[in-house]
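So the chains spell out like this:
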Amino acid sequence: MILSTSLGTPERAPPRGALPPAAAVPPRTPSNGGFTFAEQPELEAPDARIIWCAEFDPATLRVTASPADPGDPDRLEGEALMPWLTVVADQAGEHAVLSDGWHRIRLDIDGGSLGAGETVFLQYHIAGIASAETKILPLRRLLDLCRHRRFSSSLYPPDRRTDRWLLTLRVHDAVRAGASQREIAQVLFGDAGDSVGAAMRSDSLRSRVRRLVKDGREMAAGKYRMLMWTPRKP
């Protein structure tokens, strides 16, 4: 989503499958997080449909959608994607995400439309060496979804960094709530009572908590945007 205090609050993305009239998307700024529409903050994560800007999400596929003959074996029946599709539009074209709440595929449609649900022929804009590497897995995911009408778990391997991210988030929330590093250690790593006090005298535990506090502050300050730039393999 793109949030802008100078231009007011952008309209909420429509229900999945619906395409709003093209409207100017507010400019990306460090304060808006780098999204293309304002999601409802009270939504649970599985219900949210966040569309990251392509500048922040290297896995975004850029495509052109042209009208296709109903008999073309390369055609895509747009209606088949509607259960997972969320689309917003601006002057550059459509920005879309295909998601079931747990898996996602990001698309930028710079010509034609997916939101209309019509039969189309997709052209994929992939070039270079390093740049192309970040698009191969998203393309495989899209092709698999179009063929099988489901997200393949084998193409979404677990990320070993997730536990660390969750722990960092918990520590940052605790610090914001006024918890001390000793209290954080007590809740996350130790038992109650004197054993915690003894544990906090351990250099290794002190260092671990301090690193988590530091990482949490850096993530909140904008480093979270770099998480998507780490290469992932199926």
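In this text the structure is predicted, and so the values were computed from the model without any measurement.

S.K.: Teacher, can you tell me more about the overall build of the protein here?
M.R.: Broken down by element type, the protein carries five helices and six strands. The proportion of buried residues among the 234 residues of the protein is 39%. By sequence separation, contacts in the protein at least 24 residues apart represent 67% of the contacts at least 6 residues apart. When the accessible surface of the protein is totalled, it reaches about 13,700 Å², and 54% of it is carbon and sulfur.

S.K.: Could you clarify how one ought to interpret the sheet that holds strand 3 (residues 85–90) in this entry?
M.R.: In any sheet, the strands associate via hydrogen bonds between backbone groups, in a parallel or an antiparallel arrangement. In space, the six strands of this open sheet follow the order 2-6-1-5-4-3, with mixed pairing throughout. At either margin of the open sheet sits one strand with a lone partner, and together these are strand 2 (76–77) and strand 3. As paired elements, strand 3 and strand 4 (residues 93–99) share six bridges and run antiparallel to each other. From the neighbouring strand, V87 faces strand 4, where its bridge partner is A96. Strands strand 1 (61–67), strand 2, strand 4, strand 5 (104–111) and strand 6 (119–124) of the sheet are contacted by helix 1 (residues 130–148), whose axis makes an angle of about 95 degrees with strand 5.

S.K.: I keep staring at the nonpolar core and nothing clicks. Help me out?
M.R.: Soluble globular proteins tend to bury their nonpolar side chains together. Counting residues in each nonpolar core, the largest one holds 25 residues, and the members touching the most others are L98, I105, L107, L114, L122 and L142. Among the secondary structure elements, those contributing two or more residues to this core are strand 1, strand 3, strand 4, strand 5, strand 6 and helix 1. Among the elements that line this core, the one with the most residues is helix 1, at five residues. When sequence neighbours within four positions are dropped, the list of residues in contact with I105 reads A96, V97, L98, P138, R141, L142, L145, F151 and Y156. With eight residues, the next largest nonpolar core counts V171, I184, L205 and V213 among its residues.

S.K.: Explain the environment of P138 here, please?
M.R.: Mapped onto the elements of the fold, P138 is located in helix 1. Residues P138 and R104 lie 34 residues apart in sequence; the distance between their C-alpha atoms is 8.9 Å. When residues no more than four places from it in sequence are discounted, the contact partners of P138 are A59, L61 and I105.

S.K.: Is there a simple way to think about the pairing of strand 4 in this case?
M.R.: Two faces, one strand: in a regular strand the side chains alternate between the faces of the sheet. Counting buried residues in strand 4 gives seven out of seven residues, a clear majority hidden from the surface. Linking strand 3 to strand 4, which pair antiparallel, is a turn of two residues. The pairing of strand 4 with strand 5 spans six bridges and is antiparallel. Note that in strand 5 the partner of E94 across the bridge is I109. What sits between the antiparallel neighbours strand 4 and strand 5 is a turn of four residues, in which G101 has the positive phi angle 100 degrees.

S.K.: Quick question: what am I supposed to make of the side chain of T60 here?
M.R.: Secondary-structure assignment places T60 in the segment before strand 1. Among the polar contacts made by the side chain of T60, one reaches the main-chain carbonyl oxygen of D57 at a distance of 2.9 Å. Discounting residues that sit within four places of it in the chain, T60 has contacts with A54, R106, L107, D108 and K135.

S.K.: Just checking my understanding: could you explain the confidence of the model for the protein for this structure?
M.R.: Here the protein shows a mean pLDDT of 80. Residues at 70 or above account for 76%. With pLDDT under 50 throughout, residues 1–32 is counted as low confidence; its partners more than four residues away or in other chains account for 73 contacts.

S.K.: What should I look at first to understand the packing of helix 3 (residues 181–188) against helix 5 (residues 203–220) in this one?
M.R.: Between two packed helices, the angle of one axis relative to the other and the distance separating the axes together describe the packing. One way to put it is that helix 3 packs onto helix 5 with a least axis distance of 10 Å and a crossing angle of 105 degrees. Taken as axis vectors, helix 3 and helix 5 run roughly perpendicular relative to one another. Between helix 3, through Q181, I184 and A185, and helix 5, the contact on the second element is made entirely by L205, V209, R210 and V213. Broken down by class, the residue content of the contact of helix 3 with helix 5 amounts to five nonpolar, one polar and one charged.

Calculation criteria
Residues numbered from 1 in each chain as written. Predicted model: local features only at pLDDT ≥ 70, side-chain atom pairs only at ≥ 80, totals over all residues. Heavy atoms only, no water. Helix = DSSP H or I, 4+ residues; strand = E, 2+ residues; numbered from the N terminus. Buried < 20%, exposed > 50% of the residue type's maximum accessible area, 1.4 Å probe, protein only. Contact = heavy atoms within 4.5 Å. Areas by Shrake-Rupley, 256 points an atom, 1.4 Å probe, with all protein chains shown as cover. Pairing = 2+ DSSP bridges. Axes fitted to C-alpha atoms, helices over the stretch in contact; angles between N-to-C directions. Core = buried A, V, L, I, M, F, W, Y, C linked by side-chain atoms within 4.5 Å. Polar contact = N/O pair within 3.5 Å; in protein donor to acceptor, adjacent residues only side chain to side chain. pLDDT = per-residue confidence, 0-100. Parallel < 35°, antiparallel > 145°, perpendicular 65-115°, else oblique. Nonpolar A, V, L, I, M, F, W, Y, C, P; charged D, E, K, R; others polar.

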